[in-house]
Amino acid sequence: MHSYEIPIMGFPDASMLPTPDMSRKIAEAARKGLDALLDARRARGVALDAVLREGVAWEQINAVADDLDADLIVIGTHGRKGLARALLGSVAENVIRTSRRPVLTIHGPRD
């Protein structure tokens, strides 16, 4: 499952919205990236289904879990701390705090 957001930038006296063409390109890039990721794993014999959603990641993860009536949400986490976490937020943390389902987090490799 992958979720992406269309960027909207706000300024004190204006805002900047992407054009329809730019939004389409973002969606196409998200689909292409998700498909490439799944293709690499399918070659290993793993049966997978892809779900692509536009919206806030943690909200979409919970929505997909509800749609599928999932027993468990498994989500990776970078384990960021300090300023990086403050600036980037934590999708995993928001899923853990808001999900009505059990959540299993898996730490990814350290950078």
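Residues numbered from 1 in each chain as written. Predicted model: local features only at pLDDT ≥ 70, side-chain atom pairs only at ≥ 80, totals over all residues. Heavy atoms only, no water.

(A) Geometry of a nonpolar patch on the surface. Taken together, the side chains of Leu72, Val74, Leu104 and Ile106 present a nonpolar region at the surface, about 340 Å² in accessible area. Mapped onto the elements of the fold, Leu104 is located in strand S6 (residues 103-107). Of the residues examined, Leu104 reaches a relative accessible area of 41% and is grouped as partly exposed. (Patch = residues over 30% accessible without salt bridge, like charges linked within 9 Å, V, L, I, M, F, W, Y side chains within 5 Å. Areas by Shrake-Rupley, 256 points an atom, 1.4 Å probe, with all protein chains shown as cover. Salt bridge = Lys/Arg side-chain N within 4 Å of Asp/Glu carboxyl O. Helix = DSSP H or I, 4+ residues; strand = E, 2+ residues; numbered from the N terminus. Buried < 20%, exposed > 50% of the residue type's maximum accessible area, 1.4 Å probe, protein only.)

(B) Quick look at the pattern of salt bridges. Evaluation of the coordinates by the stated rule reveals 10 salt bridges. A salt bridge links Arg42 to Asp39; the nearest nitrogen and oxygen atoms lie 3.5 Å apart. In this pair, Arg42 and Asp39 are both assigned in helix H1 (residues 20-42), 3 residues apart and thus about one turn of the helix distant. A salt bridge links Asp69 to Arg101; the shortest N-O distance between them is 3.5 Å. With Asp69 in the loop between helix H2 (57-68) and strand S5 (73-77) and Arg101 in the loop between helix H4 (91-98) and S6, this pair connects stretches of sequence that are 32 residues apart. Residue class for Asp69 comes out exposed when judged on its relative accessible area of 55%. Taken together, the salt bridges that share partners define one network made up of Asp21, Arg24, Lys25 and Glu28.

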